[in-house]
Amino acid sequence: MSIWGKIVGGAAGFAMGGPLGLLVGAVGGHFVDRLRPDQEPDPERAKRSVGFTIAVIVLGAKMAKADGVVTPDEVDAFKEVFQVPESEMKNVARVFNQARKDARGFEPYAEQVAGMFRNSPEVLEELLWCLAHIAKADGIIHPGELAFLTSVSEIFGFDGATFERVTALQLDGGQADPYQILGVSKDASDDEIKKAHRALVVENHPDRLIAKGMPEEFVAVANERVAKINAAHDRIRQMRAGAPQ
């Protein structure tokens, strides 16, 4: 069963608990529960996968609320991140809309998913990247979106340097330079840059992330992040090759 069937099938209640489970339960309680723990070869991984997906939906909805306007570009980016089948889009939209109407702030949801992946920070990085991807879809980072992303990053336990490396955004909303994306200083040696690049590619390989709980449906976005890392490395190499010796 795809991750979408697990979510809209009423599985979130057993899988999540907490604010994420309560919110989805308020929307999907009438759906038939098609997933039970004893039907999963790896119930804990299934729980993390469902949690990751619900968190992106809910936090994406809260971020949309932060700037007050949901643009067509953001909707398209949302669909791109999720790769939601048309047959399930209506149900996913119910969760999204419920999260937008929910009176709670985003903090309890971010704290819950941070706890779920406390031992897998690379998965939290991928979730933050997904949110930044949606925020950048309309070509403008609104102050409310930037503040939201920064706060979520802090709840996940990331410092400013990690925020910039993961989102490719500076804390003032500008685009991060390639050194920031690789998490190295401009004074780093070529060997240090090569090692940093290699480590990031390994840490963010989709197979590794899937093993730690990222759903397979997010592979395309994970591959895009690896492409950004590779592009940053290539740009640094080009800059250094063209610099005066």
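Everything below is about the structure printed above this text.
A short tour of the structure in this document, coming up. As the structure is a computational prediction, the values presented were derived from the model and not from experiment.

Parameters at a glance
- Residues numbered from 1 in each chain as written.
- Predicted model: local features only at pLDDT ≥ 70, side-chain atom pairs only at ≥ 80, totals over all residues.
- Heavy atoms only, no water.
- Core = buried A, V, L, I, M, F, W, Y, C linked by side-chain atoms within 4.5 Å.
- Buried < 20%, exposed > 50% of the residue type's maximum accessible area, 1.4 Å probe, protein only.
- Helix = DSSP H or I, 4+ residues; strand = E, 2+ residues; numbered from the N terminus.
- Contact = heavy atoms within 4.5 Å.
- Phe/Tyr/Trp six-rings, centres within 6.5 Å; stacked < 30°, edge-to-face > 60°.
- Axes fitted to C-alpha atoms, helices over the stretch in contact; angles between N-to-C directions.
- Parallel < 35°, antiparallel > 145°, perpendicular 65-115°, else oblique.
- Nonpolar A, V, L, I, M, F, W, Y, C, P; charged D, E, K, R; others polar.
- Salt bridge = Lys/Arg side-chain N within 4 Å of Asp/Glu carboxyl O.
- 1 Å grid on protein atoms, 1.4 Å probe; cavity = no way out; pocket = protein on both sides within 12 Å on 5 of 7 lines; lining within 4 Å.
- Points joined across faces, edges and corners; volume = space filled by probe spheres on them.

**Some points on the nonpolar core**
- Within the largest apolar cluster, 55 residues are counted, with the highest numbers of intra-cluster contacts made by Phe52, Val58, Leu59, Leu127, Leu131, Leu149 and Phe156.
- Ranked by residue count, the leading element in this core is helix H3 (residues 43-67), at eleven residues.
- Residue contacts for Leu131: discarding those within four places in its chain leaves Val56, Leu59, Gly60, Met63, Phe148, Leu149 and Val152.

**Description of the packing of aromatic side chains**
- Tallying each qualifying case throughout the model produces four aromatic pairs.
- With centroids separated by 5.0 Å and ring planes inclined at 85°, the aromatic side chains of Phe52 and Phe218 adopt a geometry described as edge-to-face. Taken together, the positions of Phe52 in helix H3 and Phe218 in the loop between helix H12 (206-211) and helix H13 (219-242) put the pair 166 residues apart, joining distant regions of the chain. Assigned by exposure class, Phe52 and Phe218 land together as buried.
- Geometrically, the ring pair formed by Phe106 and Phe148 is tilted, given 4.6 Å between the ring centres and 55° between the ring planes. Taken together, the residues span a long stretch of sequence, with Phe106 in the loop between helix H5 (86-101) and helix H6 (107-116) and Phe148 in helix H8 (residues 143-155) at a distance of 42 residues. In terms of burial, Phe106 and Phe148 fall into one category: buried.
- Here a set of aromatic residues connected by ring pairs shows up, and it is made of Phe52, Phe117 and Phe218.

**With respect to the packing of helix H7 (residues 121-135) against H8**
- The contact between H7 and H8 brings their axes to 11 Å, and the two run at 180°. When the axis of H7 is compared with that of H8, the two are roughly antiparallel. Between H7, through Leu128, Leu131, Ala132 and Ala135, and H8, the contact on the second element is made entirely by Glu145, Phe148, Leu149, Val152 and Ser153.
- Here the residues of the contact of H7 with H8 sort into seven nonpolar, one polar and one charged.

**Some words on the pattern of salt bridges**
- Under the defined criterion, the tally for this structure stands at eight salt bridges.
- Of the charged contacts, one joins Lys62 and Asp102 as a salt bridge, the two residues approaching to 3.4 Å between their closest N and O atoms. Residue Lys62 is located in helix H3, and its partner Asp102 is located in the loop between H5 and H6; the two are separated by 40 residues in the primary sequence. Asp102 matches Lys62 in its accessibility class, with the two residues each being buried.
- Here the salt bridges do not stand alone but share partners, grouping Glu125, Glu126, Arg165 and Arg225 into one network.

**Points about the layout of surface pockets**
- Volume-wise, the largest pocket comes out at about 300 Å³.
- Lining the largest pocket are 18 residues, with Trp129, Lys136, Ala168, Gln175 and Lys228 sitting closest to its centre.
- Among the secondary structure elements, those contributing two or more residues to the lining of the largest pocket are helix H4 (72-82), H7, helix H10 (178-182) and H13.
- Here the element with the most residues in the lining of the largest pocket is H13; it accounts for five residues.
- Looking at the lining of the largest pocket residue by residue, the classes come out as nine nonpolar, two polar and seven charged.
- By volume, the second largest pocket amounts to about 170 Å³.
- Along the walls of the second largest pocket sit 14 residues, with Val70, Glu74, Val75, Phe78 and Phe96 positioned nearest its centre.
- Those elements that place two or more of their residues in the lining of the second largest pocket are H3, H4, H5 and H7.
- Broken down by element, the residue count for the lining of the second largest pocket peaks at four residues, all from H5.
- Here the residues of the lining of the second largest pocket sort into ten nonpolar, two polar and two charged.

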